[in-house]
Amino acid sequence: MMEHDTEPLEPNDERLWELLTSCLGNEELGAETVSTLEASTAAPPLSPGLKSRLGRVARQAEADLEFATTLEKHRQRATLGSYLTFLRGKAEWTVSETAKRVRLEFQWLADLERDALAPTEIPARRLAELLKRLKGSLEMVERLLPSTIQAPRQIATSGRDSLYRRGSSTGQGRWSEPPDAPPAQENPEYREQLHAVERLREQLRALW
Amino acid sequence: MATLASAERAGSAVWSDDEICAGMRDPAHRERAFRALHVQYGPRLLGLLTRICHGDQDRAEDLLCRSLYKAYVHLAQSPAPRSLRAWLYTVATRTALDELRQSAHRDPLYHSVPLDEELLQTAAPTEEAGSAMGLDAAVGAVLLELEAEDPRYRTLLEMEHVGICDRGEIAAATGIERKQLSQYLKRARARFLVLARQQPVLAALERGWTAEDRP
């Protein structure tokens, strides 16, 4: 992508350089950089199609702001299910009405809304169709897709010498472990669902 | 909101940056302010994104929509940026770079930010996000120092690594001869590294790497 006709760096410099360049652009660009980029870049007119698409972007962003406010008000967690419920509510459709209009199974939609489906159980085409009909945004859905992962990230390794128990003094939901307990391993099911999220994201983009 | 009212009274077709930002904060004017924003800045941003995407118009349009979605959400609920123009260019290039990095990493959680963190801005930053913010601030400080030494250093680095310009494009845009450009970039890179090591956050990070590498 970029030309590198400069001399190679020492390994330490190389590592720091990579980090620095990956951070460039996270802070606001310099005024002179912007002026130079602006002066050297063509400004093609926006096509009528793109203008109308940007109008849709504005409506979706406005709805997403409303969704964020609603979540904050009700102290709810942001999930794909809560987003779909919000969009359906905005459209003033019931679950059964939505299922009928989008030609979905009632039970599948109900399960999706209560975040009971793993990413492997969500066909991209069906989700894309639903989101389009409910006027959802791809940006928000992409952020929420990881919330469909059902499997825990790590699993405790079991063994004869392992001892895991609920510790009364370690706080709710935490496990006390003997000092020599083997470390927890990543759950293969979690990894599988993570890849399913990635596939779903790519398919949704292609279908959008 | 005074600036916005004056723009409306004058029936001005061109909105100033202050008017756009004020309009975006006001739900009653947001739609028109956003239209003004994309009419005034959309073509330049599209041109920039098309270049970053090596002429792929469809991809550039997708990225423009994504960038302007982010701009809409941010401007509706946050204070106006120091310079709207610079901020929009930053959002557009960052969106494009994130996209390129994400395609390279193919990890669904790469660079994903929890919803509450960015959209609501109410949750306390996580340790990881806090450390990333510290790193960005440190790099920002280095860039300011670099710019104070020679403004061209910063411009050249940002054009190459953020604007994804090739050497020919940089030479044409800056008026620096191609032969000299390599020397400039080499000096900019060397100074960037020296100044970065003077930042405590970055120096500590490097010490950590050295400790990790030790057998």
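Parameters and conventions
Residues numbered from 1 in each chain as written. Chains lettered and ligands numbered in written order. Predicted model: local features only at pLDDT ≥ 70, side-chain atom pairs only at ≥ 80, totals over all residues. Helix = DSSP H or I, 4+ residues; strand = E, 2+ residues; numbered from the N terminus. Contact = placed C-beta atoms within 7 Å. Buried ≥ 20, exposed ≤ 12 C-beta atoms within 10 Å, placed from the backbone. Arc of directions from axis to C-beta. Core = buried A, V, L, I, M, F, W, Y, C linked by C-beta atoms within 7 Å. Domains from an automatic or database assignment. pLDDT = per-residue confidence, 0-100. Axes fitted to C-alpha atoms, helices over the stretch in contact; angles between N-to-C directions. Parallel < 35°, antiparallel > 145°, perpendicular 65-115°, else oblique. Left-handed = near helix turned anticlockwise from the far one by under 90°. Nonpolar A, V, L, I, M, F, W, Y, C, P; charged D, E, K, R; others polar.

Digging into the overall build of chain A
- On a plain count of helices and strands, chain A comes out with 9 helices and 4 strands.
- By sequence separation, contacts in chain A at least 24 residues apart represent 75% of the contacts at least 6 residues apart.

Quick look at the overall build of chain B
- On a plain count of helices and strands, chain B comes out with 11 helices and 0 strands.
- Starting at the N terminus and ending at the C terminus, chain B contains elements arranged as α-α-α-α-α-α-α-α-α-α-α.
- Looking at chain B as a whole, 37% of its 215 residues qualify as buried.
- Relative to all contacts within chain B whose residues are 6 or more apart in sequence, the contacts with residues 24 or more apart total 46%.

As for unusual backbone geometry
All names here are of chain A.
- At Glu92, a position not held by glycine, the phi torsion is positive, near 60°.
- Structurally, Glu92 is set in the loop between α4 (80–91) and α5 (95–102).
- Backbone geometry places Arg103, a non-glycine residue, at a positive phi of 60°.
- Residue placement: Arg103 occurs in the loop between α5 and α6 (106–113).

Here we look at the interface of chain B and chain A
- At the junction of the two partners, chain B supplies 68 residues and chain A supplies 57 residues.
- Of the residues forming the side of chain B that touches chain A, the biggest block, 10 residues, is contributed by helix α3 (residues 30–52) of chain B.

Details of the environment of A:Gly30
- Position of A:Gly30 among the secondary structure elements: in the loop between α1 (11–23) and α2 (31–39).
- Look at A:Gly30 and you get buried, because 23 C-beta atoms sit within 10 Å.
- Each C-alpha atom, one on A:Gly30 and one on A:Leu130, is 42 Å from the other, the two residues being 100 residues apart in sequence.
- Filtering out sequence-adjacent residues up to four positions away, A:Gly30 remains in contact with B:Leu143, B:Glu147, B:Arg154, B:Thr155 and B:Glu158.

Looking at helix α9 (residues 167–174) of chain B
- The complete set of buried residues in α9(B) reads B:Ile170, B:Ala173 and B:Thr174. An end-on view of α9(B) places all buried positions within 85° of arc, on one side of the element.
- At its buried positions, α9(B) is contacted by α2 of chain A together with α8 (151–161) and α10 (178–197) of chain B.
- Directly after α9(B), the chain includes B:Gly175, whose backbone phi takes a positive value near 80°.

Describing the nonpolar core
- Ranked by internal contacts, the top residues of the largest apolar core, which has 63 residues, are B:Leu49, B:Tyr72 and B:Leu88.
- Per-domain counts for this core show at least three residues from each of domain 1 (1–123) and domain 2 (125–215) of chain B.
- When neighbours within four sequence positions are excluded, B:Tyr72 is seen to be in contact with A:Val57, A:Ala58, A:Ala61 and B:Phe34.
- Core analysis: the next-biggest nonpolar cluster, separate from the first, contains 22 residues, A:Phe86, A:Leu109, A:Leu144 and A:Val197 among them.

Digging into the confidence of the model for chain A
- On average, residues of chain A score 86 in pLDDT, and 85% of them reach the 70 mark or higher.
- Below a pLDDT of 50 lies the segment residues 168–173 of chain A, which in the model reaches 1 contact outside its immediate sequence neighbourhood of four places, other chains included.

Overview of the packing of helix α7 (residues 124–133) of chain A against helix α9 (residues 188–207) of chain A
All names here are of chain A.
- At a minimum axis distance of 9 Å, the contact between α7 and α9 shows a crossing angle of 50°. In terms of their interaxial angle, α7 and α9 are classed as oblique. Our pair here, α7 against α9, has a crossing hand that is right-handed. The segment α7 lies against α9, with Ala124, Arg125, Leu127 and Ala128 engaging Leu200, Gln203, Leu204 and Leu207.
- The residue makeup of the contact of α7 with α9, split by class, is 6 nonpolar, 1 polar and 1 charged.

Observations regarding the confidence of the model for chain B
Residues and elements named next belong to chain B.
- With 80% of its residues at a pLDDT of 70 or more, chain B shows a mean pLDDT of 83.
- Averaged pLDDT values for the elements of chain B fall to 44 in helix α6 (residues 115–120) and rise to 96 in helix α2 (residues 17–25).
- ipTM for the predicted complex: 0.78, alongside a pTM of 0.79.

Re the environment of A:Lys132
All names here are of chain A.
- The residue Lys132 is located in helix α7 in this model.
- Given 13 C-beta atoms within a 10 Å radius, Lys132 is considered partly exposed.
- Sequence spacing of Lys132 and Leu117 is 15 residues, and the spatial spacing of their C-alpha atoms is 20 Å.

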